Structures are given as structure tokens and as C-alpha cells.
Amino acid sequence: MRGLTGGGDGGDGNDGALTDGRSGNRTGDGDGRLPTGWAASGTALAGLAVIGLFAVSCSTGGTGTRDEGPAGTQPVAQITPTPTAPSKAKPTPRVDAVALLKADTRVSERVRTDLKPCTGKEYPVDTSYGKLTGGPSADVVVNVMTCGDSVGVGTYVYRPRGNGTYENVFTTEQPAVYGTIDRGDLVVTTQVYGKKDSVSYPSGEEVITYHWANTRFSEQDRVHNDFNRAVGTGEGELPEPTDPTKN
């Protein structure tokens, strides 16, 4: 082809061919310059070489826009949870608090007679379990309340015996009384009412802490709180208080 051999209109096939001076081939025109078409082609080839080198660098260096090759096959690390040792603590045995109260002659006749379900089979009785007397199992604190306004009328503590039965070791029956277990001690809170106080608004409260020692509860601490008497209206009848009994 004419454009590729550099030949003109006449002469033989070698006339106008590109050779170099060492082999007898002409390398250009007589003035030693490359033809314009070859210079342009050389520039284009150099550009293609640079693009090819950049493409190879991107595909093999790992820092370009795309990495060639298969996806990583390293396994994903997995953490195996440490098994938790099962608890060796025995479940606290539950008692029928209502049956205990009704069979206990130390519970007043009034409380046993008035102890009836509020709705269905639900009795107004709260039961707490915990260590108070150092017995073979948990002690039981039972609070009896009224159905209408949930005012406490009696607090009782039952200590477990070795044969599975329980004995009453603490009894107090008075208006608005409630007993709880606090760090191994029995805490009994009693609302204090004045002559004009309503059931909902007492004048204050007594908080007494009992500690078990030498087979009986002994008073360890007493706190009295006075309430604001300027609030609350209404009237309510309260049962006569009775002194707490202790073994």
C-alpha cells in the first residue's frame, strides 16, 4: 500500500522505502527527518503503551479502582460463646400462705374470719421469702391487707422446721402495718394516725428493724417520720391495734 511503503508514483519497490544508514535501508527523507505520518503513528503508539502500563498497574497493584483475581477465600473468624455453668441454687419452696394463716391460732379470729378472696381466688395477701432466722430454708413473711384500700392489717413471720412445717415466730396486727426483708433483717413499717386522720393520709409512720438472735427477734432500730397533716380529707374506720408478739 502506498501510504505504508512511502513509495511515490514511479520507481521500483525500494524507491521511497524506509531504510537506515547501517543496512542500506533509508530511515527517512534526505534531510534525516521521519515522515509526518510515521511521527504521528509513533506518538500514538507511545500513548497506547502508557495507557497499557497504567492498566496493568491498576489491575495488579491492588490500589486502583478494580482488583482482578478471585475473591478472598480466608474463613471468617467465629467466636464460640463460653458455656455458662448451671446454677446450683435450689429453688425456694413456695407455701400456701392462706392455709398457714387459717391454721395458725396465733392469728386473731378477726383476721382469719375476714380473710376472704377479693376477686375469684385472689386473696389480699403478700408473701416474701428470704433468710431471717438461719433455718434450713427460706423464712416466709406474710402481709394481710384489706381488699378495698390495700391497708395492711397484719404481718407474720413463719420459720421453717426440719420436717418441712412452719412455726409462727413473729406477729403484729394493727392498722396499716407492712413487713419486708432487708439484708437479713425484718423491717416493719406502721402508719401513725391522729384522731382526725383519714385512712389515706396518716400523720406519720414508725419504721422498726428487727434482728434475729437467740431464737427470737429483737428490736435493732426505730425511725419515726412525721407527714404533712395539711393534706387529705375523708374518713375511715380503723381496727383497734394490738401489740406485736415475739418468741
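That block above? That's the structure.
Residues numbered from 1 in each chain as written. Predicted model: local features only at pLDDT ≥ 70, side-chain atom pairs only at ≥ 80, totals over all residues. Heavy atoms only, no water.

Side note on the state of the cysteines
Where we set the bar: Cysteine sulfur atoms that pair up within 2.5 Å are treated as a disulfide. We count a stretch as a helix when DSSP gives it H or I for four or more residues in a row; a strand needs E for two or more, and each element gets its number in order from the N terminus.
Under the defined criterion, the tally for this structure stands at one disulfide. Each sulfur in the disulfide pair Cys118 and Cys147 lies 1.9 Å from the other. Taking the torsion about the S-S bond as the criterion, the Cys118 to Cys147 disulfide, at about -85°, is left-handed. In this pair, Cys118 sits in the loop between helix H4 (109-114) and strand E1 (125-130) while Cys147 sits in the loop between strand E2 (139-145) and strand E3 (152-160), placing the two residues 29 residues apart along the sequence.

What about the packing of aromatic side chains?
Put simply, the rule is: Ring pairs are drawn from Phe, Tyr and Trp, using the six-membered ring of Trp, whenever the two centres fall within 6.5 Å, and their geometry is named by plane angle: stacked under 30 degrees, edge-to-face over 60, tilted for the rest. Relative accessibility thresholds used throughout: buried, under 20% of the residue-type maximum; exposed, over 50%; partly exposed, between the two (1.4 Å probe, protein chains only). By definition, being over a ring means that NZ of Lys or CZ of Arg is both within 6 Å of the ring centre and within 35 degrees of the ring normal.
Under the defined criterion, the tally for this structure stands at three aromatic pairs. Centroid distance Trp212 to Phe217: 5.0 Å. Interplanar angle 75°. Geometry classified as edge-to-face. A residue is classified by how much of its surface remains accessible, and Phe217, at 1% relative accessible area, is buried. The ring centre of Tyr129 lies 4.5 Å from the NZ or CZ of Arg94, which sits over that ring.

Description of the sheet that holds strand E8 (residues 216-226)
So the rule is basically this: Note on pairing: two strands pair once DSSP finds at least 2 bridges between them. Throughout, an axis means a line fitted to C-alpha atoms (over the contacting stretch in the case of helices), and angles, computed between N-to-C directions, take values from 0 to 180 degrees.
Reading across from one edge, E5-E6-E7-E8 is the order of the four strands in this open sheet, with antiparallel pairing throughout. Edge positions in the open sheet fall to strand E5 (177-182) and E8, since each of these has one partner strand only. Going across the sheet, the axis of each strand differs from the next one's by a mean of 20°, ignoring polarity. Here E5 runs beside strand E6 (residues 185-192); their pairing, made up of six bridges, is antiparallel. Looking at E6, one finds that Tyr178 is bridged to Thr189.

A few points about the nonpolar core
Note the following rule: Nine residue types can take part in a nonpolar core, namely buried Ala, Val, Leu, Ile, Met, Phe, Trp, Tyr and Cys, and a core is a set of them joined through side-chain atoms within 4.5 Å. Residue contacts follow a heavy-atom distance rule, with two residues in contact if any of their heavy atoms lie within 4.5 Å.
Ranked by internal contacts, the top residues of the largest apolar core, which has 16 residues, are Leu101, Val125, Val142, Val144, Tyr156 and Tyr158. The element best represented in this core is helix H3 (residues 97-103), accounting for four residues. Not counting the four nearest positions on each side in its chain, Leu101 is found in contact with Val107, Arg112, Leu115, Val125, Val142, Val144, Tyr156 and Tyr158. Among the nonpolar cores identified, the runner-up in size contains 12 residues, and Val157, Val188, Ile208 and Trp212 belong to it.

Overview of the side chain of Asp185
What counts, and what does not: Counted charges follow a simple rule, with Lys and Arg positive, Asp and Glu negative, and His plus the chain ends left uncounted. By salt bridge we mean one thing: a side-chain nitrogen of Lys or Arg within 4 Å of a carboxyl oxygen of Asp or Glu. Polar contact criterion, stated in full: a pair of N or O atoms within 3.5 Å, where within protein one must be able to donate a hydrogen and the other to accept it, and residues adjacent in sequence count only if both atoms are side-chain atoms.
Here Asp185 is to be found in strand E6. Comment: no salt bridge for buried Asp185; closest opposite-charge side chain is Arg183, at 6.9 Å. Polar contacts involving the side chain of Asp185 include one to the side chain of His211, which spans 2.6 Å.

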